[in-house]
Amino acid sequence: MQSGAGVSSDQNMHSVLDRELSDFSQDAFGHRHFSNALRNLIEGPHRPPFSIGLLGSWGTGKSTIKQLYLTSLEADSTGPNGKRRKNRFHPITFNAWRYGGDEDIKRALLLHVFIALGGDEVELRRSLYQQVSESGQNRRNLGEWLKEAMLQNAASATLFVLLMAATMGIIWLASYGLGLTNQWGLSVVLSVGAAVAAFLAKNVVDIRLKSPTLFNSQSVVTFPATSAEEYERLLIKQVKKFRSGAQGRPCERLVVFVDDLDRLSATEMVSGLDAVRTFLELPLAEGAEDFGVVFIISCDEDRVADALSRGRGRVNPELPGSVFTRSDARRYLDRLFQF
């Protein structure tokens, strides 16, 4: 590029960086008004759970609206009873596009929120993917114990008698064949028989009085459980742990931003929307009426509606049964977004 006449070659060209803004002083297009509206919905009197659709085509400033809200949340120290806003509203951002392809969007969302709330990913994967074996003791009743003791001792005594009789018979036949039929022969038979009996009692047959244990060893094997329901159970447990550990900083609402949903395939979009719907139905507020979840889904409604309607034409079983046209897809989205 050649510089124009009278223009210094080191003069900076006026330009605007196409990236989301987080500074209100740089907001030249009035996104602060949408950010304030978003704040009023998230932190207003409406009782969660509910979802908000932040809708607009690519490049219209959805990410800037989110960033301006997060900036105001972090900087604002005002609040009722001296509670800071950032302590009352806990934001989490989930980029759906990052988990497209081979990843299950629903499980990825649950896992992402689990870790964002302080969950241990290593412990989570161990409980979900590894087979765990545990050994324990199970107490037996007296009847079973007596029965086993009698059977064990009777079996030992019977085996000893049989072996002893067989041994004495063999020795007697051997001594008879050698002509040892007098008193000396009988003494030899008895002596050898006693020695053999002692050997059998010590090394072959245990003729001691046996007492079986009162406890049975029990092995319990837990197989991997990678279903979405298992993720939900662990997430509910982690949410309760997160809130109980935030003493003096009670979290009133979990604010989850879902970005770039419209960059996914039609099947993945539906999976992502279904994940949001499932998340909103989780009993996260049990025993905590002041707690709830708010979802903010940023997407291009036209692209989502078009993908949903075209996906039905390809006979995709993941799509809602009522979606056949773009109008059906828009009504489907209207039912998902409360605002």
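Residues numbered from 1 in each chain as written. Predicted model: local features only at pLDDT ≥ 70, side-chain atom pairs only at ≥ 80, totals over all residues. Heavy atoms only, no water.

Attention now moves to the overall build of the protein chain. When you go through the protein chain residue by residue, the secondary structure sums to 11 helices and 6 strands. Classification of the 339 residues of the protein chain by burial places 37% in the buried group. Relative to all contacts within the protein chain whose residues are 6 or more apart in sequence, the contacts with residues 24 or more apart total 79%. Only carbon and sulfur atoms are counted for the fraction: they give 55% of the accessible area of the protein chain, which is about 20700 Å². (Helix = DSSP H or I, 4+ residues; strand = E, 2+ residues; numbered from the N terminus. Buried < 20%, exposed > 50% of the residue type's maximum accessible area, 1.4 Å probe, protein only. Contact = heavy atoms within 4.5 Å. Areas by Shrake-Rupley, 256 points an atom, 1.4 Å probe, with all protein chains shown as cover.)

Of note, the bond from Pro48 into Pro49 is cis; its omega dihedral lies within 30 degrees of zero at 10°. One non-glycine residue, Asp260, adopts positive backbone phi at about 60°. Its location among the elements puts Asp260 in the loop between strand 5 (253-259) and helix 9 (266-281). Accessibility expressed as a relative area gives 23% for Asp260, which makes it partly exposed.

Of all residues in the protein chain, 72% attain a pLDDT of 70 or more, and the chain-wide mean is 76. Under a pLDDT of 50 for its full length, residues 312-318 has, in the predicted model, 10 contacts with residues more than four places off or in other chains. (pLDDT = per-residue confidence, 0-100.)

What the rule picks out here adds up to 4 aromatic pairs. Taken together, a centroid distance of 6.2 Å and an interplanar angle of 50° make the contact between Tyr69 and Phe257 tilted. Of the two residues, Tyr69 sits in helix 2 (residues 62-75) while Phe257 sits in strand 5, which places them 188 residues apart along the sequence. With respect to class, Tyr69 is no different from Phe257; both count as buried. Between the aromatic rings of Phe94 and Tyr99, the centroid separation amounts to 5.0 Å while the plane-to-plane angle is 10°, which identifies the pairing as stacked. For the pair Phe94 and Tyr99, a shared accessibility class is recorded, and that class is buried. Cation over ring: Arg263 sits above Trp97, and NZ or CZ is 4.6 Å from the ring centre. We note Arg303 situated over the ring of Trp58; from NZ or CZ to the ring centre the distance is 4.2 Å. (Phe/Tyr/Trp six-rings, centres within 6.5 Å; stacked < 30°, edge-to-face > 60°. Lys NZ or Arg CZ within 6 Å of the ring centre and 35° of its normal.)

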